[in-house]
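Here is how the chains run, residue by residue.
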Amino acid sequence: MWKVLCAGTPSVNHSDMEWLDVYRAAAMEFDRNKLPASIDVAEKAIRQRLRGLPIAHSKEHLKLRDALDSLAVLKRML
């Protein structure tokens, strides 16, 4: 799951960049005091992007759901 989202993604378009950037920032946040806020920002960006997708089972939709699942794991580790 992490490899798919954190690896270089050459096919990422401009609308993907916002959620992907904040997701990566949260995934790479090492300061436990800053992590909850980073996760919150990433979750909001991902949910906003999900609302903007016309097809619920597109590849991007699946990546977004995987990202939310990964953030949920980070939250449980706090």
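Everything numeric in this text was worked out from a predicted model, so none of it was measured. (Residues numbered from 1 in each chain as written. Predicted model: local features only at pLDDT ≥ 70, side-chain atom pairs only at ≥ 80, totals over all residues. Heavy atoms only, no water.)

**Some points on the overall build of the protein**
When its secondary structure is counted, the protein shows four helices and zero strands. Helices and strands in the protein line up, N terminus first, as α-α-α-α. Residues classed as buried in the protein amount to 33% of the 78 residues present. A sequence separation of at least 24 residues applies to 51% of the contacts in the protein between residues at least 6 apart. Here the protein displays about 5,300 Å² of accessible surface, and carbon together with sulfur accounts for 58% of that area. (Helix = DSSP H or I, 4+ residues; strand = E, 2+ residues; numbered from the N terminus. Buried < 20%, exposed > 50% of the residue type's maximum accessible area, 1.4 Å probe, protein only. Contact = heavy atoms within 4.5 Å. Areas by Shrake-Rupley, 256 points an atom, 1.4 Å probe, with all protein chains shown as cover.)

**Observations concerning the confidence of the model for the protein**
Detail in the predicted coordinates should be disregarded across regions flagged by low pLDDT. Put simply, the protein has an average pLDDT of 83, and 79% of its residues get 70 or more. Within the model, the stretch residues 1–12 combines pLDDT values under 50 with 25 contacts to residues more than four positions away or in other chains. (pLDDT = per-residue confidence, 0-100.)

**Describing the packing of helix H3 (residues 35–52) against helix H4 (residues 59–77)**
Each pair of packed helices gets described by two things: the angle between the helix axes and the distance between those axes. Between H3 and H4, the least distance of the axes is 10 Å, while the angle of their chain directions is 160 degrees. Taken together, the axes of H3 and H4 are roughly antiparallel relative to one another. Two packed elements cross with a definite hand, and for H3 against H4 that hand is left-handed. Along its contact with H3, which presents Ile39, Ala42, Glu43, Ile46, Arg47, Arg49 and Leu50, the element H4 presents Glu60, His61, Leu64, Arg65, Ala67, Leu68, Leu71, Leu74 and Lys75. When the residues that make up the contact of H3 with H4 are grouped by side-chain class, the tally is nine nonpolar, one polar and six charged. (Axes fitted to C-alpha atoms, helices over the stretch in contact; angles between N-to-C directions. Parallel < 35°, antiparallel > 145°, perpendicular 65-115°, else oblique. Left-handed = near helix turned anticlockwise from the far one by under 90°. Nonpolar A, V, L, I, M, F, W, Y, C, P; charged D, E, K, R; others polar.)

**What about the pattern of salt bridges?**
Counted under the stated rule, the structure contains three salt bridges. Residue Lys75 is joined to Glu43 by a salt bridge in which the shortest nitrogen-to-oxygen separation is 3.2 Å. Of the two residues, Lys75 is situated in helix H4 and Glu43 in helix H3; the sequence distance between them amounts to 32 residues. One salt bridge connects Glu60 with Arg49, and the closest N-O pair in it is separated by 2.7 Å. Here Arg49 lies in helix H3 and Glu60 lies in helix H4, a separation of eleven residues in the sequence. (Salt bridge = Lys/Arg side-chain N within 4 Å of Asp/Glu carboxyl O.)

**Brief notes about the nonpolar core**
If you look at the biggest cluster of nonpolar residues, it comprises 17 residues, and the most contacted ones within it are Trp19, Tyr23, Ile39, Ile46, Leu50, Leu64 and Leu71. Of all the secondary-structure elements, those providing two or more residues to this core are helix H2 (14–27), H3 and H4. Take this core: its biggest share by element is six residues, from H3. Among all residues touching Ile46, those that are not within four sequence positions of it are Trp19, Tyr23, Leu64, Ala67, Leu68 and Leu71. (Core = buried A, V, L, I, M, F, W, Y, C linked by side-chain atoms within 4.5 Å.)

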